[in-house]
Amino acid sequence: HRGPPPKALQHYALGVLAWQEGDLSEAREHLGIALVFDPHSSWLHLARGRVAFEQGALEDAEAALEAAVKLAPASAEPRLVLARVYVLRGDNDRAVEQLEALLAAQRHDQAFADLAQLHLVRDERQAAIAVLEAWAQRQPDDLAMLRQRAVLRLELGRAAAAWDDLALLAEAGQARGRD
């Protein structure tokens, strides 16, 4: 394996510099040129998709991120960003598919939070709690997830279950204070 072509690396570097400086148009242009030299690079498609997403060019972001997912189906970040693009474009079903694919592969904790949030947006509170409970089984000491689940449980009138989460939060806080 010989690595990416030098011209692709050059334009990738210029694109990232422009991105860091906030010039998203120039960043997207350089990343597009980099893809001419290395069209099978998932990380170039991901970078272009992220820049297009930040620019609000959702159609371009979707195309780039779908290419990144196709080229690197086990990679978490392209699926995560693609799910966010789908939500903004109003395609919640495809967003759920991407997030569930991440969860099935156990690739990214952020997918749990995003999927729970998507269920809340769709007014599917029980489904959101089920996602958070699955996350809790995987990461029992994740404090952000426990806080979010406690709030949801309170909103649903499940005070005893919310109390259990709050007790776990207090216990974890005390344990961290001893560290």
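Coordinates for the structure precede this section.
Residues numbered from 1 in each chain as written. Predicted model: local features only at pLDDT ≥ 70, side-chain atom pairs only at ≥ 80, totals over all residues. Heavy atoms only, no water.

I'd like a description of the overall build of the protein, backed by residues and values.
Scanning the protein from terminus to terminus reveals 10 helices and 0 strands. N-terminal to C-terminal, the α/β element order of the protein is α-α-α-α-α-α-α-α-α-α. Residue burial in the protein is summarised as follows: out of 179 residues, 41% are buried. Long-range contacts, defined as pairs at least 24 residues apart, comprise 43% of the intrachain contacts of the protein with a sequence gap of at least 6. Within the structure as shown, the protein displays about 9,800 Å² of accessible surface, and the carbon and sulfur contribution to it stands at 51%. (Helix = DSSP H or I, 4+ residues; strand = E, 2+ residues; numbered from the N terminus. Buried < 20%, exposed > 50% of the residue type's maximum accessible area, 1.4 Å probe, protein only. Contact = heavy atoms within 4.5 Å. Areas by Shrake-Rupley, 256 points an atom, 1.4 Å probe, with all protein chains shown as cover.)

Quick one: what's the story with the side chain of H45, residue by residue and with numbers?
Inspection of the secondary structure assignment puts H45 in helix α3 (residues 42-55). Judged by relative accessible area, H45 falls into the buried class, the value being 13%. Polar side-chain contacts of H45 include one of 2.9 Å to the backbone oxygen of P39. Every residue in contact with H45, bar those within four places of it in the chain, is listed here: L35, P39, A64, L65, A67, A68 and L71. (Polar contact = N/O pair within 3.5 Å; in protein donor to acceptor, adjacent residues only side chain to side chain.)

Residue-level account of the pattern of salt bridges, with values.
Pairing of side chains with opposite charge becomes possible as their charged atoms draw close. Applying the stated rule across the entire model yields 7 salt bridges. Here R89 ties to E62 by a salt bridge, and the two come within 2.5 Å at their closest N and O atoms. Placement of the pair is R89 in the loop between α5 (76-88) and α6 (92-104) and E62 in helix α4 (residues 58-71), with a sequence separation of 27 residues. Classification of R89 by relative accessible area gives partly exposed; the value is 40%. Between R94 and E62 there is a salt bridge, with the nearest N and O atoms lying 3.6 Å from each other. Of this pair, R94 sits in helix α6 while E62 sits in helix α4, placing them 32 residues apart in sequence. Beyond isolated ion pairs, a larger network of salt bridges with shared partners links E62, E66, R89, D91 and R94. (Salt bridge = Lys/Arg side-chain N within 4 Å of Asp/Glu carboxyl O.)

Give me the lowdown on the packing of α4 against α5, citing residues and values where you can.
Packed helix pairs are characterised by how far apart their axes lie and by the angle those axes make with each other. In the contact formed by α4 and α5, the axes pass within 9 Å of each other and the chain directions differ by 150°. Considered as vectors, α4 and α5 are oriented roughly antiparallel to each other. The handedness of the crossing between α4 and α5 is left-handed. Touching L58, A61, E62, L65, E66, A68 and V69 of α4 are P78, R79, V81, L82, V85, Y86 and L88, all from α5. By residue class, the composition of the contact of α4 with α5 is 11 nonpolar, no polar and 3 charged. (Axes fitted to C-alpha atoms, helices over the stretch in contact; angles between N-to-C directions. Parallel < 35°, antiparallel > 145°, perpendicular 65-115°, else oblique. Left-handed = near helix turned anticlockwise from the far one by under 90°. Nonpolar A, V, L, I, M, F, W, Y, C, P; charged D, E, K, R; others polar.)

Which residues make up a negative patch on the surface, and what values do they have?
Together, E21, D23, E26 and E29 give the surface a local cluster of negative charge. Mapping E26 onto the fold places it in helix α2 (residues 24-37). A relative accessible area of 35% means that E26 is categorised as partly exposed. (Patch = residues over 30% accessible without salt bridge, like charges linked within 9 Å, V, L, I, M, F, W, Y side chains within 5 Å. Lys, Arg positive; Asp, Glu negative; His and termini not counted. Charge placed at Lys NZ, Arg CZ, Asp CG, Glu CD.)

Give me helix α9 (residues 143-155): which residues, what numbers.
Here α9 spans 18 Å end to end across 13 residues, near enough to the 18 Å set by a 1.5 Å rise per residue. Along α9, the residues that are buried comprise L143, M145, L146, R149, A150, L152 and R153. Once α9 ends, the next one or two residues include G157, with phi positive near 80°. (Expected span 1.5 Å × (residues − 1).)

Give a description of the packing of aromatic side chains that names residues and reports values.
By the definition in use, this model includes 1 aromatic pair. Where Y12 meets W43, the ring centres are 4.6 Å apart and the plane angle is 90°; that geometry is what we call edge-to-face. With Y12 in helix α1 (residues 6-20) and W43 in helix α3, this pair connects stretches of sequence that are 31 residues apart. A relative accessible area of 33% means that W43 is categorised as partly exposed. (Phe/Tyr/Trp six-rings, centres within 6.5 Å; stacked < 30°, edge-to-face > 60°.)

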